[in-house]
Amino acid sequence: MRNNIRDTFFSVIGTADIERIHSAVIGWILSDKCDAFSNKEKSMLINELFKTNKEVVYKNIISVLEYDHIDVFIETVSEDDIKQNWIIENKIKSSQGKNQLSNYKTKHPNANYLLLSLIGENGDDGWVENTYAELYSILNGILGQCNKENLRHITIIEEYVDTLQTLVTIVKEFIKAPEEYANVFTECSKKKSEKESQYENKICEYISHSNLETILQKLYFTKIKSDIQKDVEDEIRKEISNTIRWEISESHGNAQIVILIDGENNTQFEIAFQGGKFKFAVSKDYQKKEKDDFFINEWTESLQKIKDGKIHDYTKLNLPRSRSRVSVSKEYPTEKKWWQNPLSDVTEQVKKQFCLLPKLIEFASKS
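What you are looking at is a predicted structure, and each value in this text was computed from that prediction instead of being measured.

S.K.: Would you mind going over the sheet that holds strand 7 (residues 254-262) with me for this structure?
M.R.: Pairing between sheet strands relies on hydrogen bonds along the backbone, with the strands arranged either parallel or antiparallel. On the basis of which strands lie adjacent, the open sheet formed by six strands has the order 6-7-8-9-11-10 and antiparallel pairing. Edge positions in the sheet fall to strand 6 (244-251) and strand 10 (316-318), since each of these pairs with one other strand and no more. For this sheet, the mean angle separating the axes of adjacent strands, direction not counted, is 20°. In terms of strand pairing, strand 10 meets strand 11 (residues 325-331) through three bridges, oriented antiparallel. In the sheet register, Lys 316 faces strand 11, and the bridge partner there is Ser 329. Running at roughly 160° to strand 6, helix 9 (residues 213-236) makes contact with strand 6, strand 7 and strand 8 (267-274) of the sheet. Packing against the sheet, helix 12 (residues 357-366) makes contact with strand 7, strand 8 and strand 9 (277-284), and its axis sits at approximately 130° to strand 8.

What follows is the structure, given as structure tokens:
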């Protein structure tokens, strides 16, 4: 698979990782400005991306970029004059904005909705989810059967398909053995000028040049979440009936996986794993940039006892700077870098630590 990593036009000009470029290419392929595909083939692309399982051919297809902040907005008219709208929200490295998908549905009800992402992100209800791997497969299949009369446009699409193949290959190879790709974990917070000039293999080099470190860390934690979520939630629900939430986010380029439980009076309990550290935190109205001194003093006293007693090996107390949040933290238990351990080992350790959330809440609440 590593032999599929090659420089394409898009990577050479530094646009292979830019969402708006991918959106622009998709929009162009579907527009009347692209002569490479017939309307039948463009209809196939729409239907397969949106998983409609229909063989409808659209006689009119109009695609618009950044309409109402939507990455790709498509209008179609079928042979029997049925009009439809199609919305593509495209994600490579950025995260979904708060209520972003639901806002699109509110503004454009009765449309077809697609969340297209590199690593297979989850969308809201009513949104079809698809990946760049599937986009590659669909376009590659259409290329194999289309009439290649306009070679200039075909060449552009072939270069784009090769770019997709590279991105898909990197995702597949990375998740097979993440510990082999050190720069994903060591260079995630660095500027391009601060990164290494040479790498062990072409994949590491491509990851660096395209700034894919953070999204691959998110893929890493997404895989962990999918493997442990049921077991962790089953274990927690033996002691706590509150709603359990999960987050995979990032700060300063470092991704994190978080499990959260809401308490009383806007209190929130969580365990997070980020950058080789586990952190048990208690917060109140965390989104507000203000400190509740009474809350902070009360929970500081409780978490200080966890630190002093080394409860579940937590050894460091972290006080807030600007928000109502107190935490204790500890290092991942390993003699080497945490990410150098096999993914299966890290998965088991995260599962073990997350299952401790009820016990930590109980100890802190009684202290």
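Resuming the write-up.
S.K.: Looking at this structure, I do not really get a nonpolar patch on the surface. What am I missing?
M.R.: On the surface, Phe 9, Val 12 and Ile 13 cluster together into a nonpolar patch covering about 320 Å² of accessible area. Residue position: Val 12 is located in helix 1 (residues 9-12). Residue classification places Val 12 among the exposed positions, given a relative accessible area of 62%.

S.K.: Explain the sheet that holds strand 5 (residues 127-131) to me, please; I cannot follow it from the model alone.
M.R.: Reading across the sheet, the five strands line up as 1-2-3-4-5 and stay open at both edges, with mixed pairing between neighbours. Edge positions in the sheet fall to strand 1 (58-67) and strand 5, since each has one partner strand and no second. Neighbouring strand axes in the sheet, compared pairwise and without regard to direction, differ in orientation by 25° on average. Bridging between strand 1 and strand 2 (residues 70-78) involves eight bridges; their strand directions are antiparallel. The residue bridging Val 64 from the neighbouring strand is Phe 73, located in strand 2. Packed on one face of the sheet, helix 2 (residues 19-30) meets strand 1, strand 2, strand 3 (83-91) and strand 4 (112-117) and runs near 160° to strand 1. Across the face of the sheet, helix 4 (residues 100-107) comes into contact with strand 2, strand 3, strand 4 and strand 5 while running at roughly 165° to strand 3.

S.K.: Honestly, the packing of aromatic side chains in this entry has me stumped. Any pointers?
M.R.: Note on aromatic pairs: each is described by the distance of the centres and the angle between the planes. With the rule as written, the count across this model stands at 23 aromatic pairs. With 5.8 Å between their ring centres and 70° between their planes, Phe 10 and Tyr 160 make a pair best called edge-to-face. In this pair, Phe 10 is assigned in helix 1 and Tyr 160 in helix 6 (residues 151-176), connecting sequence segments 150 residues apart. Both residues of the pair, Phe 10 and Tyr 160, count as buried. With centroids separated by 6.5 Å and ring planes inclined at 45°, the aromatic side chains of Tyr 104 and Trp 127 adopt a geometry described as tilted. With Tyr 104 in helix 4 and Trp 127 in strand 5, this residue pair connects regions lying 23 residues apart in the sequence. Like Tyr 104, the residue Trp 127 is buried in the burial classification. Chaining the aromatic ring pairs together yields one cluster made of Phe 174, Tyr 181, Phe 185, Tyr 220, Phe 221, Phe 273, Phe 278, Tyr 332, Trp 338 and Trp 339. Here the guanidinium or amino end of Lys 330 rests over the ring plane of Tyr 314, the centre of that ring lying 4.5 Å away.

So, how was this worked out
- Residues numbered from 1 in each chain as written.
- Predicted model: local features only at pLDDT ≥ 70, side-chain atom pairs only at ≥ 80, totals over all residues.
- Heavy atoms only, no water.
- Pairing = 2+ DSSP bridges.
- Helix = DSSP H or I, 4+ residues; strand = E, 2+ residues; numbered from the N terminus.
- Axes fitted to C-alpha atoms, helices over the stretch in contact; angles between N-to-C directions.
- Contact = heavy atoms within 4.5 Å.
- Patch = residues over 30% accessible without salt bridge, like charges linked within 9 Å, V, L, I, M, F, W, Y side chains within 5 Å.
- Areas by Shrake-Rupley, 256 points an atom, 1.4 Å probe, with all protein chains shown as cover.
- Salt bridge = Lys/Arg side-chain N within 4 Å of Asp/Glu carboxyl O.
- Buried < 20%, exposed > 50% of the residue type's maximum accessible area, 1.4 Å probe, protein only.
- Phe/Tyr/Trp six-rings, centres within 6.5 Å; stacked < 30°, edge-to-face > 60°.
- Lys NZ or Arg CZ within 6 Å of the ring centre and 35° of its normal.

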